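Residues per chain are reported as follows:
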There are 4 protein chains.
Amino acid sequence: MNDEDRQALAERSASAMFAADRASQALGMRLISVAPGECEMRMRVRPDMLNGLASCHGGIIFALADSAFAFACNSEGVPTVSAAAHIDHLAGAGEGDELSATARRLWQGGRSGLYEVVVADQGGRLIALFRGRSHRRNPAPSPQLDTK
Amino acid sequence: MNDEDRQALAERSASAMFAADRASQALGMRLISVAPGECEMRMRVRPDMLNGLASCHGGIIFALADSAFAFACNSEGVPTVSAAAHIDHLAGAGEGDELSATARRLWQGGRSGLYEVVVADQGGRLIALFRGRSHRRNPAPSPQLDTK
Amino acid sequence: MNDEDRQALAERSASAMFAADRASQALGMRLISVAPGECEMRMRVRPDMLNGLASCHGGIIFALADSAFAFACNSEGVPTVSAAAHIDHLAGAGEGDELSATARRLWQGGRSGLYEVVVADQGGRLIALFRGRSHRRNPAPSPQLDTK
Amino acid sequence: MNDEDRQALAERSASAMFAADRASQALGMRLISVAPGECEMRMRVRPDMLNGLASCHGGIIFALADSAFAFACNSEGVPTVSAAAHIDHLAGAGEGDELSATARRLWQGGRSGLYEVVVADQGGRLIALFRGRSHRRNPAPSPQLDTK
């Protein structure tokens, strides 16, 4: 596949996946952009996303990052799931904040991949850093065969 | 404080915190039990928690574990937040599954603590293991002064 | 295999692996015990293991835990490597301290496993907690065939 | 401090720290460069660093990354230790490989910081990615007072 085809595949995969992803929709996430190995999602912090300290619940911030990660690692037509993830919380977010999560692939080896997701608010302040390990459910086609 | 007082404090803290935690409520979480350094939360997987693969969104599973973690580490009257967390996804959960998250403290040193959260379904199957690092916002009272 | 055979296999695997493991030997590690999915290693902190703060180098503490992890996850005759690991440093260790690392399996699913390693000193004080994710190089035999 | 002074401080700190760091020396590490929040260390894989699979022991690779991390986070004159670290192993390294570990700061907030370390071999192949969380032992001087 050439770059144009890969980009078209990424967009088709993401649209279909987003249409079926009720959780991301229910949390008000919006798919901003997708490319092979990359994705940006956004979400506005709603009142029903606040924890007892009036900050956005850490699990909701994680969910935004996790969606961006999932869309990035499913952008090449190989069904892929999250095996593990780590999040560092750097600053709190409050009601009305517009959060963006930008995912990019760091590495892909066999069936495992590593992705970095940066979560920031509307002013560019870092809110969290997320690192995800992906797992391809079926073996990737071997490189030798990928000759078209 | 004796054990009875510490347990009463844990229950009071948790009740007040849960009443103010709109995110945990909106996700249908229920506070099952709390004790000093421990907490169990439960949540039923709803249709609007499913991702594009018809599995419970990993961020929602994380959020359940994160709430149990937050209630466990705020069970002793010292305002505490999550600094970082790691999750390993072991099995998927589907619509209608009743998930429990059981948090316990592994270690507390100065202002930092470590907690383990086990997420399982109604049949006891492991769904995820979560490890959280807590951070006390103000220095803990020094042990010498904690003499009533 | 019955329990006795599995224990014998764990001991044989560990002896052969330790004999070939020059790094663990060079760091003065000793294999204390091994069982299916478990291992204990010990190491005395030498002067040449200290960092610039006169504490045992964090990488050396990690190496001890990593060896215990490697021996635990290779205790069943399936070649297994570390895919990822996380360490939380809880206390420092100094020259002459006798450190133990006790590994146990938390979970095994398909080719991936999770192990917990507790590092403590001679007085039982927690030095570090280590979590490792293992990866079996070849697919595990399917359960249906494991009928003897 | 101006940039020149900060660079001079980083170099002085690193030289003094390396001279006292017996563990990094014993592992044959070499300090290649240091700057505020950054460091590169190198190490050749010796026969006594191999594990039972004839690969460089994961703990030794971790130790190299951990040293680069430690020198990067102590480059500004504030005593800093590692609180936690995560490593993803991407490829093995063998005897004679020349490994480099390049650390850079991702974030610093109050007493906590996050650093990324990339470990590669002489051919630029990724061997491991390491993420470290640093902890400043004494509170950082408040920015308002840092006016000279």
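That block above? That's the structure.
Residues numbered from 1 in each chain as written. Chains lettered and ligands numbered in written order. Predicted model: local features only at pLDDT ≥ 70, side-chain atom pairs only at ≥ 80, totals over all residues.

## A short note on the overall build of chain A
In terms of regular secondary structure, chain A is built from three helices and six strands. Listing the helices and strands of chain A from first to last along the sequence gives α-α-β-β-α-β-β-β-β. Projecting the C-alpha coordinates of chain A onto the three principal axes gives extents of approximately 55 × 25 × 25 Å. Contacts in chain A between residues at least 24 apart in sequence constitute 66% of all its contacts with a sequence separation of at least 6. (Helix = DSSP H or I, 4+ residues; strand = E, 2+ residues; numbered from the N terminus. Contact = placed C-beta atoms within 7 Å.)

## Observations regarding the relation of the copies chain B and chain A
When chain B is fitted onto chain A, the two copies agree to an RMSD of 0.0 Å after a turn of 180° and an axial shift of 0.0 Å. One copy is carried onto the other by what is essentially a two-fold rotation axis. When C-alpha distances to the rotation axis are compared across chain B, the minimum falls at His86(B), with a value of 2.1 Å. Interface overlap between copies: 100% of the residues of chain B at the interface are likewise at the interface in chain A, consistent with a symmetric, same-surface contact. (Least-squares fit on C-alpha atoms with pLDDT ≥ 70 in both.)

## Remarks on the interface of chain B and chain A
Taken together, the contact pairs 29 residues of chain B with 29 residues of chain A. Elements that contribute at least two residues to the side of chain B that touches chain A include exactly helix H1 (3-20), helix H2 (22-26), helix H3 (58-73) and strand E3 (80-89) of chain B. Residues that form the side of chain B that touches chain A fall into these classes: 15 nonpolar, nine polar and five charged. Bridging between strand E3 (residues 80-89) of chain A and E3(B) involves five bridges; their strand directions are antiparallel. Of the residues in E3(B), the one forming a bridge with Ala84(A) is Asp88(B). (Nonpolar A, V, L, I, M, F, W, Y, C, P; charged D, E, K, R; others polar. Pairing = 2+ DSSP bridges.)

## Considering the sheet that holds strand E2 (residues 38-44) of chain A
Spatial ordering of the open sheet is given by E1(A)-E2(A)-E4(A)-E5(A)-E6(A)-E3(A)-E3(B)-E6(B)-E5(B)-E4(B)-E2(B)-E1(B), a layout of 12 strands whose pairing is antiparallel. If you trace the sheet from one side to the other, it starts and ends with strand E1 (30-35) of chain A together with strand E1 (30-35) of chain B, each paired once. Across the sheet, the axes of successive neighbouring strands diverge by a mean angle of 20°, strand direction being ignored. Here strand E4 (residues 98-109) of chain A runs beside strand E5 (residues 112-120) of chain A; their pairing, made up of nine bridges, is antiparallel. Of the residues in E5(A), the one forming a bridge with Trp107(A) is Leu114(A). Lying on the sheet, helix H1 (residues 3-20) of chain A is in contact with E1 and E2 of chain A; it crosses E1(A) at an angle near 155°. (Axes fitted to C-alpha atoms, helices over the stretch in contact; angles between N-to-C directions.)

## Brief notes about helix H3 (residues 58-73) of chain C
Between its first and last C-alpha, H3(C) extends 22 Å over 16 residues, near the 22 Å set by a 1.5 Å rise per residue. Of all the 16 residues making up H3(C), 16 are buried; the element is thus mostly covered by neighbouring parts of the structure. (Expected span 1.5 Å × (residues − 1). Buried ≥ 20, exposed ≤ 12 C-beta atoms within 10 Å, placed from the backbone.)

## What to know about the interface of chain C and chain A
Tallying the contact residues gives four residues for chain C and four residues for chain A. A class-by-class count of the residues in the side of chain C that touches chain A yields two nonpolar, one polar and one charged.

## Describing the environment of Ala10(D)
Residue and element names in this part refer to chain D. Turning to its location among the elements, Ala10 is positioned in helix H1 (residues 3-20). Ala10 sits in the buried class, given 23 other C-beta atoms within 10 Å. Distance in space between the C-alpha atoms of Ala10 and Cys39 is 9.5 Å, their sequence separation being 29 residues. With residues near it in sequence (within four places) discarded, Ala10 still touches Val34, Ala35, Pro36, Ser75 and Glu76.

## Regarding the relation of the copies chain C and chain A
Superposing chain C onto chain A takes a rotation of 180° plus a shift of 0.0 Å along the axis, which leaves an RMSD of 0.0 Å. A share of 100% of interface residues in chain C that are also interface residues in chain A marks the association as one of identical surfaces.

## Side note on the pairing of E2(A)
All names here are of chain A. Relative to E2, E1 runs antiparallel, the two being bridged by five bridges. What sits directly across from Ala35, in E2, is Glu38. What sits between the antiparallel neighbours E1 and E2 is a turn of two residues, in which Gly37 has the positive phi angle 80°. Judged from the seven bridges that link them, E2 and E4 form a sheet pairing that is antiparallel. Bridging from a neighbouring strand, Arg42 pairs with Ser100 of E4.

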